[in-house]
Amino acid sequence: STKGGRAVLARRRGKGRIRQPFSKSYPLAIPTKQRIRRAAEFRRVLTRGNRKSGDCVNVAALRNDLTYSRIGLSVSKRVGNAVTRNLVKRRIRNAFADMNIADGWDVIVTAKPPASNVSYTSLDETMRRSLKRLGIQFHPSGTVNSGEGE
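Residues numbered from 1 in each chain as written. Predicted model: local features only at pLDDT ≥ 70, side-chain atom pairs only at ≥ 80, totals over all residues. Heavy atoms only, no water.

(A) Summary view of the packing of aromatic side chains. Counting across every chain of the model gives zero aromatic pairs. One cation-aromatic arrangement involves R128 over F138; the distance from NZ or CZ to the ring centre is 5.7 Å. (Phe/Tyr/Trp six-rings, centres within 6.5 Å; stacked < 30°, edge-to-face > 60°. Lys NZ or Arg CZ within 6 Å of the ring centre and 35° of its normal.)

(B) Looking closely at helix α2 (residues 39–48). Listed in full, the buried residues belonging to α2 are E41, F42 and V45. In a view along the axis of α2, the buried residues occupy a sector of 105°, so they form one face of it. Of the exposed residues in α2, the ones pointing more than 90 degrees away from its buried face are A39, R43, T47 and R48. Elements in contact with the buried residues of α2: β2 (57–63), β3 (70–75) and β4 (105–111). (Buried < 20%, exposed > 50% of the residue type's maximum accessible area, 1.4 Å probe, protein only. Helix = DSSP H or I, 4+ residues; strand = E, 2+ residues; numbered from the N terminus. Arc of directions from axis to C-beta. Contact = heavy atoms within 4.5 Å.)

(C) Structural detail: unusual backbone geometry. Within the chain, N100 stands out as a residue other than glycine whose phi angle is a positive 55°. Relative to the elements of secondary structure, N100 occurs in the loop between α3 (82–99) and β4.

Dropping the structure here:
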């Protein structure tokens, strides 16, 4: 716990490792402004929005006054351990990014325990079906919904 001891430990940690500067630009990530993160926003969508249930996910959606759509994820410990939950979240995020849904929606996707055992294509199809049942339109595949241009 001395100053010299901390310096030694810092040298050992960095030894043999090339340090890359941390970058917050993820090519496939959903931008922060397209995420629902506050508890109050989750509550608003879950209480006022419409819901549809699929085999492995529940989807709640509510119109927003924005020029882009946002997504919120809820994956409980019932789905699996941390590795499994993160896999399910990555799949849901990727499916949402590939969908190009119409602008102006807040969407909450809640994973059910079977979500850990299904393939990406099955999860994607279940989400698409639920969103269509909620009346959410999709952009043509050539049009990208980037949330930019305000």
